[in-house]
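Summary of structural features
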Amino acid sequence: MIAGILNFFDALIATVHDVLPIVGVLFGFQLLVLRQRIPNLRQLLIGFAFVIVGLALFLQGLDQALFPLGKMMAEQLTAPAFLGIDSAAHTYTPDWHHYVWVYLFAAAIGFSTTIAEPSLIAVAIMANQVSGGAVGIRGLRVAVAIGVSIGIALGTYRIVSGTPLQYYIIAGYVVVMMQTLVTPKSIIALAYDSGGVTTSTVTVPLVTALGLGLASNIPGRNPLLDGFGLIAFASLCPIISVMAYAQLSEWHANRIKKQRLRSQEE
Amino acid sequence: MVDSIKDLLPIIAVIVFFQLVVLRQPIPNLADLLIGTALVVVGLTLFVYGLKTGLFPIGEMMAYGFARKGSIFWLLLFAFALGFGTTVAEPALIAVVNEAGKIAAAGHMIADTELAIADYANGLRLTVALSVGFAITVGVLRIIKGWPLHLLIIGGYASVVIMTGFAPPEIIGIAYDSGGVTTSTITVPLVTALGVGLSSSVHGRNPLTDGFGLVAFASLTPMIFVMGYGMLL
């Protein structure tokens, strides 16, 4: 119990330390440049304190419970014995059967960690407010999570197959560019943003463990070179999935509109 | 509270399923897991509450403050300081650049000494922080001038693709990943609120189409800058 409380204070101090530069910039400009009276200062400070304490508890809980178990599972799923790699035989041909669970785990962990990602919650709340409710909080988060899930699964496949990262990323860019032409204008900026918000507190540590585990255990992969790249997938695929979600919603709305028109004519 | 529990259910389901069904092992330290999950739930609830009462209003208040002051110079300086200041101390970034230093030494790009590795890592960290400062500055300028976001982003993609052809292979994976790790949990809500606040106070801008996009810049420019760093060294 006492150890838990001490751990919490460590996490709190670490969070405060991370936040200091932000606080410095905000206060510096407010006091030296803007010099305006702040209405509801008390309430803002209380809200900020809630964010810091909340984040510290959140990180502490993850460190204590989910990260150790998640990392251990990533290590076990990528262990040579589980993958059926015979380190004595020097010839190694990847058999995709062994990797089905790895891909499934990658997809599942990508989806579930994204749903719990606090910065995505923030962007979804803001998008919902700004669009007057047109962008649903849950809908956007699920769309992003599906993107991350596909991204991480593809990224693990890339590590297993050993194909160059840039081919995938460049192909992804081409898809994004084409989608940009046909997606409703109002959603494009939000879709681009959703790529950057997905990968922070929750996703990065678990996904990194998975990537490093795969790259160190599969013969012929170099963990230093091949372990990277999963985050890049996780930042690119949500852009595609959010635009696809917007396109589907628009298509669906149009179809309902057409049906209504037709039934009115009849 | 109920929402936070719902947010966490998927992770718990995934971990329990893979542990019990796929790996066929009991769950170690069940009590620790339960306490930890409870902490995560409480933390997330507090965070979301603080977001609405603290972080969002602060970001919007700064945006309105600068709009009233009417000085583009100070606004851009603020944007740069926010991007640079929040990134340079970001723990996820520090972890990635240290890893990158080891890769560079292993690939014989730099001498394999601790000093050379630390120099390389710090240079990389500064590069990424500069790139995020640059990104928020350009993003804010875009909101004020009303430049179309997709043209800038596509231009950025084109630079990434072209630079990939010339950058040393060792740096490409790190460069691509550095785009994702720069935006932290506190920066994202602040920057989003700043963008939305600015676009609602500048005449003729729409908060939905113009207010978003700052985070997108902040995840794009690090790739370009990091590859540039790899090419210069």
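In every chain, residue numbers begin from 1 and rise along the written sequence. A letter from A marks each chain and a number from 1 marks each ligand, given out in the order of writing. Restriction of local features to residues with pLDDT of at least 70 applies here, the model being predicted, together with a cutoff of 80 or more for giving and counting side-chain atom pairs; totals for whole chains, interfaces and linings are based on all residues. Processing note: side-chain calculations cover all non-hydrogen atoms of the structure and skip hydrogens and water entirely.

Counting its secondary structure elements, chain A contains 11 helices and zero strands. We count a stretch as a helix when DSSP gives it H or I for four or more residues in a row; a strand needs E for two or more, and each element gets its number in order from the N terminus. Counting from the amino terminus, chain A carries its helices and strands in the arrangement α-α-α-α-α-α-α-α-α-α-α. If you line up chain A on its principal axes, its C-alpha atoms span 70 × 70 × 35 Å. Relative to its full complement of 266 residues, chain A shows a buried share of 50%. Throughout, a contact is declared for two residues whenever any of their heavy atoms are within 4.5 Å. Long-range pairs, those at least 24 residues apart, make up 80% of the contacts in chain A between residues at least 6 apart in sequence. Three labels apply to residues, based on accessible area from a 1.4 Å probe with only protein chains included: buried if under 20% of the type maximum, exposed if over 50%, partly exposed otherwise in between.

A few words on the interface of chain A and chain B. Facing the 88 residues of chain A at the interface are 94 residues of chain B. Between chain A and chain B, the buried area comes to about 8,200 Å², and carbon and sulfur atoms account for 81% of it. The buried area of a pairing is the accessible area, by a 1.4 Å probe, that goes missing from both parts when the two are put together, added over both. When the buried surface of chain A facing chain B is broken down by residue, Met126, Tyr173 and Phe228 of chain A rank first, second and third, together holding 8% of it. By convention in these notes, a salt bridge is any Lys or Arg side-chain nitrogen within 4 Å of a carboxyl oxygen on Asp or Glu. Taken together, the links from chain A to chain B amount to two salt bridges. Between Asp7 of chain B and Arg141 of chain A there is a salt bridge; the shortest N-O distance is 2.8 Å. In terms of residue count, the dominant contributor to the side of chain A that touches chain B is helix H2 (residues 41–77) of chain A (23 residues).

Multiplying 1.5 Å by the residue count of a helix minus one yields the expected span of that helix. Here helix H7 (residues 165–182) of chain A is 18 residues long and its end C-alpha atoms lie 27 Å apart, about the 26 Å a rise of 1.5 Å per residue gives. For H7 of chain A, every residue scored as buried is listed here: Leu165, Ile169, Gly172, Tyr173, Val176, Gln179 and Thr180 of chain A. For H7 of chain A, the arc enclosing every buried residue in end-on projection is 130°, short of the 170-degree limit, so these residues lie on one face. Opposite the buried face of H7 of chain A, at more than 90 degrees from it, the exposed residues are Tyr167, Met178, Leu181 and Val182 of chain A. Where H7 of chain A is buried, its residues touch helix H6 (137–161), helix H8 (185–197) and helix H11 (230–265) of chain A together with helix H6 (149–166), helix H7 (169–181) and helix H10 (214–232) of chain B. The arc in question is the one traced by the directions running from the helix axis out to the C-beta atoms.

Further remarks concern the packing of aromatic side chains. The relative placement of two aromatic rings is captured by the distance of their centres and the angle of their planes. Stacked, tilted and edge-to-face are the three classes applied to pairs of Phe, Tyr and Trp rings, where Trp contributes its six-membered ring and a pair requires centres within 6.5 Å; stacked means planes under 30 degrees apart, edge-to-face means over 60, and tilted covers the rest. In total, this model carries 16 aromatic pairs over all chains according to the counting rule given. With a centroid separation of 4.9 Å and 70° between ring planes, the pair formed by Phe50 of chain A and Tyr49 of chain B is classed as edge-to-face. Linking Phe50 of chain A in helix H2 with Tyr49 of chain B in helix H2 (residues 30–69), this pair reaches from one chain into another. Residue Tyr49 of chain B is classed as partly exposed on the basis of its relative accessible area, which comes to 47%. Ring centres of Phe17 of chain B and Phe18 of chain B lie 5.5 Å apart, and the angle between their planes is 85°; this geometry places the pair in the edge-to-face category. In this structure Phe17 of chain B comes out as partly exposed when scored by relative accessible area, which is 37%. Among the aromatic residues, those joined into a ring-pair cluster are Trp101 and Phe105 of chain A together with Phe17 and Phe18 of chain B.

We now examine the side chain of Thr137 of chain B. Relative to the elements of secondary structure, Thr137 of chain B occurs in helix H5 (residues 114–145). Among all residues touching Thr137 of chain B, those that are not within four sequence positions of it are Leu76, Ala79 and Phe80 of chain B.

What follows is about the nonpolar core. Nonpolar core, defined: a set of buried Ala, Val, Leu, Ile, Met, Phe, Trp, Tyr and Cys residues in which side-chain atoms within 4.5 Å join the residues together. Counting residues in hydrophobic clusters, the biggest one holds 161 residues, and the most contacted among them are Phe105 and Tyr192 of chain A together with Met62, Phe78, Val140, Tyr176 and Phe212 of chain B. No other element matches the 16 residues that H2 of chain A contributes to this core. Excluding anything up to four places from it in sequence, Phe212 of chain B contacts Val123, Met126, Ala127, Ala189, Leu190 and Asp193 of chain A together with Arg142, Thr192, Val196 and Pro207 of chain B.

All names here are of chain B. When you line up the elements, Thr53 lands in helix H2. Taking relative accessible area as the criterion, Thr53 reaches 13% and is therefore assigned buried. Each polar contact in these results corresponds to two N or O atoms within 3.5 Å; when the atoms are within protein, one needs to be able to donate a hydrogen and the other to accept it, and residues that are neighboring in sequence are counted only if both atoms are side-chain atoms. Within the structure, Thr53 has its side chain in polar contact with the backbone oxygen of Tyr49 (distance 3.0 Å).

It is worth spelling out the pattern of salt bridges at this point. Per the stated rule, a full pass over the model turns up two salt bridges over all chains. A single salt-bridge network, built from bridges that share partners, covers Arg138 and Arg141 of chain A together with Asp7 of chain B.

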